[in-house]
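Understanding the architecture of this molecule
For reference, the chains in residue letters:
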Amino acid sequence: MQELVTASGFVGVTAPQLQPIVAAFCTRWPGLPPYQGRFGARPAAHVTVAMAADDPTTAPRGNPASLPGEILT
């Protein structure tokens, strides 16, 4: 996990280790872009932490590497 990403109602952590999987799906099903193309043809892979998180206390603080869990490679 690399970077904490927040947007209106959304908290996520980028996961570049998953990008090859996203690329494989995009290549296999080019007519079905992720999120109907709202974030481009090949959006960055991420792990969603929270949806509808408009309360600022919902967003985690600090380094994503300090969040519980791990990425298995």
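Residues numbered from 1 in each chain as written. Predicted model: local features only at pLDDT ≥ 70, side-chain atom pairs only at ≥ 80, totals over all residues. Heavy atoms only, no water.

A few words now on the sheet that holds strand β3 (residues 46-51). Reading across the sheet, the three strands line up as β1-β2-β3 and stay open at both edges, with antiparallel pairing between neighbours. Taken across any chain shown, the strands that pair with only one partner, and hence form the sheet edges, are β1 (4-7) and β3. When the angles between neighbouring strand axes are averaged without regard to direction, this sheet yields 20 degrees. In this sheet, β3 lies alongside strand β2 (residues 10-14) in antiparallel orientation, the contact comprising five bridges. The residue bridging T14 from the neighbouring strand is H46, located in β3. (Pairing = 2+ DSSP bridges. Helix = DSSP H or I, 4+ residues; strand = E, 2+ residues; numbered from the N terminus. Axes fitted to C-alpha atoms, helices over the stretch in contact; angles between N-to-C directions.)

Time to look at the confidence of the model for the protein. Scored by pLDDT, the protein has a mean of 77; 71% of the residues are at 70 or more. For the protein, the element scoring lowest by mean pLDDT is β1, at 82; helix α1 (residues 19-28) scores highest, at 92. Below a pLDDT of 50 lies the segment residues 68-73, which in the model reaches three contacts outside its immediate sequence neighbourhood of four places, other chains included. (pLDDT = per-residue confidence, 0-100. Contact = heavy atoms within 4.5 Å.)

The calculated volume of the largest pocket comes to roughly 320 Å³. Looking at the largest pocket, it is lined by 13 residues, and the ones nearest its centre are V5, F10, Y35, F39 and H46. Mapped onto the lining of the largest pocket, the elements with two or more residues apiece are β1, β2 and β3. When residues in the lining of the largest pocket are grouped by element, the largest group, three residues, is from β3. Considering only enclosed or pocket space, the second largest pocket measures out at about 160 Å³ in volume. Contributing to the lining of the second largest pocket are L18, I21, V22, F25, P34, Y35, P43, A44, A45 and H46. When residues of the lining of the second largest pocket are assigned to their parent elements, the largest contribution, three residues, is made by α1. (1 Å grid on protein atoms, 1.4 Å probe; cavity = no way out; pocket = protein on both sides within 12 Å on 5 of 7 lines; lining within 4 Å. Points joined across faces, edges and corners; volume = space filled by probe spheres on them.)

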